[in-house]
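Each chain is listed here by its residues.
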Amino acid sequence: MTTMLGRLRVAVAMLALAAFAFMALPAAAQQPTSVNPTASSVKEEQLFQELQRIQGRGTIPDKKSYVLEQPEGRNWQMFHNNGMRWLGAIAILGILALLVLFYLIRGMVRIDGGRSGRTIVRFNAFERFVHWMTATCFIILAISGLNITFGKPLLLPLIGPNAFSVWSQWAKYAHNFLSFPFTLGVILILLMWIAGNIPNKVDVAWLKQGGGLVGNKHPPARKFNAGQKLIYWIVVLGGGSVAATGYLLMFPFYGTDIAGMQFAQMIHGSFALLFVAAMLAHIYIGTIGMEGAFEAMGTGEVDTNWAKQHHSLWAEQAMQQQGAKPQTPPAAPGSMVPAE
Ligand code: HEM
């Protein structure tokens, strides 16, 4: 009997030992056999996948700072580093390629029959000042903004980290401070030219005839044709959107939360890149694309033949009101004067 009891005790003890060893097996199997240097990041990734966010505890009042990672942040980063760069590259390089192609096919749109040598006022000094102030700010905002989007992959490897940090810091100051005169310029442009930029029936006819750029017809137009009206609304609405979203970014969390900041940044960056592409087309027409156009914003006066060709309805009215004055020195009739 005693031997039976003794054997039973041994059997129970062995069973208990086996059960204990079996239970401990999975834990033992998970023990790393060697040190894995990426173990912590793997765990972070697992944690993130399970919880969808990595959040801790903090002592400062700003509770937003306790969140270290969240899914929207990753989506935003993906868009910033991929989608937005592709959008900008396609829009900007695409429009440049189209403009080169257009120039090779169509060349500069000349003044038919040359210059008359007589001019009329198109824009006064205040209008030209507002235009150039806004344009100068725009160009610097565009270059400094493009540095945020493309600087790291494109410029940093070329100029090195020291030069890149110095340049980026100045670019950032310029982007912040020039936003104020730029916004003022957009508001003044809205007020100064809105009356001439409301779409009407003349624009429909102008567009149907390709605006004189496609083909050789020169459809009638008032002070601003449909193409210029499009540029006006891009500047007013595009400028207004980049300004509004830009200030949300410049003064973080005063106007919105994290999701709002991410949305503002996506709108700001994408609209700005499309805005740059649109302005390249505007700059093309105002310089090498059309003879006599630059003078409108340069001296403020345009040749009457240019005015009749591109803005016949306005030219008629303006010549009656102003009486065209001869240019000094008067150009020989039919002579070719290069566009500025
Ligand atoms: C009132 C006008 C504007 C304000 C207040 C403003 C403000 C800002 C701010 C605060 C940022 C974020 C900078 C950072 O991450 O450190 C930014 C980025 C940027 N801005 Fe502006 N901006 C304005 C106008 C413009 C204009 C006119 C353009 C282009 C023509 C432009 C293009 C960009 C671009 C491309 C970025 C980088 C987007 C990115 O990759 O994250 N901005 N802007």
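Please refer to the structure placed before this passage.
Conventions used here
- Residues numbered from 1 in each chain as written.
- Predicted model: local features only at pLDDT ≥ 70, side-chain atom pairs only at ≥ 80, totals over all residues.
- Heavy atoms only, no water.
- Helix = DSSP H or I, 4+ residues; strand = E, 2+ residues; numbered from the N terminus.
- Contact = heavy atoms within 4.5 Å.
- Donors = N, O, S within 2.8 Å, 3.2 Å for Na, K, Ca; no water.
- Tetrahedral: all angles 85-135°; square planar, octahedral: opposite > 155°, others 65-115°.
- Buried < 20%, exposed > 50% of the residue type's maximum accessible area, 1.4 Å probe, protein only.
- Phe/Tyr/Trp six-rings, centres within 6.5 Å; stacked < 30°, edge-to-face > 60°.
- Lys NZ or Arg CZ within 6 Å of the ring centre and 35° of its normal.
- Axes fitted to C-alpha atoms, helices over the stretch in contact; angles between N-to-C directions.
- Parallel < 35°, antiparallel > 145°, perpendicular 65-115°, else oblique.
- Nonpolar A, V, L, I, M, F, W, Y, C, P; charged D, E, K, R; others polar.
- Salt bridge = Lys/Arg side-chain N within 4 Å of Asp/Glu carboxyl O.

I'm lost on the environment of Trp206 in this one. Help?
The topology assignment puts Trp206 in helix H6 (residues 201–208). Residues Trp206 and His218, 12 residues apart in the sequence, show an inter-C-alpha distance of 8.3 Å. In this structure Trp206 touches Gly211, Pro219, Pro220, Ala221, Asn225, Ala226 and Gly227, once residues within four positions along its chain are discounted.

Looking at this structure, how should I read the coordination of the iron atom of the ligand?
Angles between donor atoms at a metal ideally measure 109.5 degrees for a four-coordinate tetrahedral arrangement and either 90 or 180 degrees for a six-coordinate octahedral one. For the iron atom of the ligand, the protein coordination sphere consists of His175 (NE2) and His268 (NE2), at 2.0 to 2.1 Å. In this structure, the iron atom of the ligand is coordinated by 6 donor atoms arranged in octahedral fashion, with angles at the metal of 83 to 179°. Of this pair, His175 sits in helix H4 (residues 125–177) while His268 sits in helix H8 (residues 258–289), placing them 93 residues apart in sequence. His268 shares its class with His175; the two are buried.

Would you explain the packing of aromatic side chains in this entry?
The geometry of an aromatic ring pair is captured by two quantities: the separation of the ring centres and the angle between the planes. As enumerated under the stated definition, the model contains 11 aromatic pairs in all. Ring pairing ties together the aromatic residues Phe102, Tyr103 and Tyr284, which thus form one cluster. Of note, Arg122 hangs over the ring of Trp314, and the distance from its end group to the ring centre comes to 4.7 Å.

What is the right way to look at the packing of helix H3 (residues 71–106) against H8 in this model?
Each packed pair of helices is defined by two parameters, the angle between the axes and the distance between the axes. With their axes 10 Å apart at the nearest point, H3 and H8 run at an angle of 10° to one another. Taken together, the axes of H3 and H8 lie roughly parallel to each other. When grouped by side-chain class, the residues that make up the contact of H3 with H8 number 20 nonpolar, 7 polar and 1 charged.

What am I meant to see in the pattern of salt bridges here?
Oppositely charged side chains can form a pair if their charged atoms are brought close together. In total, this model carries 6 salt bridges according to the counting rule given. When the shortest N-O distance is used, the salt bridge between Glu291 and Arg110 registers 3.8 Å. With Glu291 in the loop between H8 and helix H9 (294–298) and Arg110 in the loop between H3 and strand S3 (118–121), this pair connects stretches of sequence that are 181 residues apart. With a closest N to O distance of 2.8 Å, Asp203 and Lys229 form a salt bridge. A residue pair is termed long-range when its members are at least 10 positions apart, and Asp203 in helix H6 and Lys229 in helix H7 (residues 226–250) qualify at 26 residues. Residue classification places Asp203 among the buried positions, given a relative accessible area of 7%. Assessed through its relative accessible area of 6%, Lys229 is described here as buried. What emerges from the salt-bridge pattern is a single network uniting Arg110, Arg115, Glu291 and Glu295.

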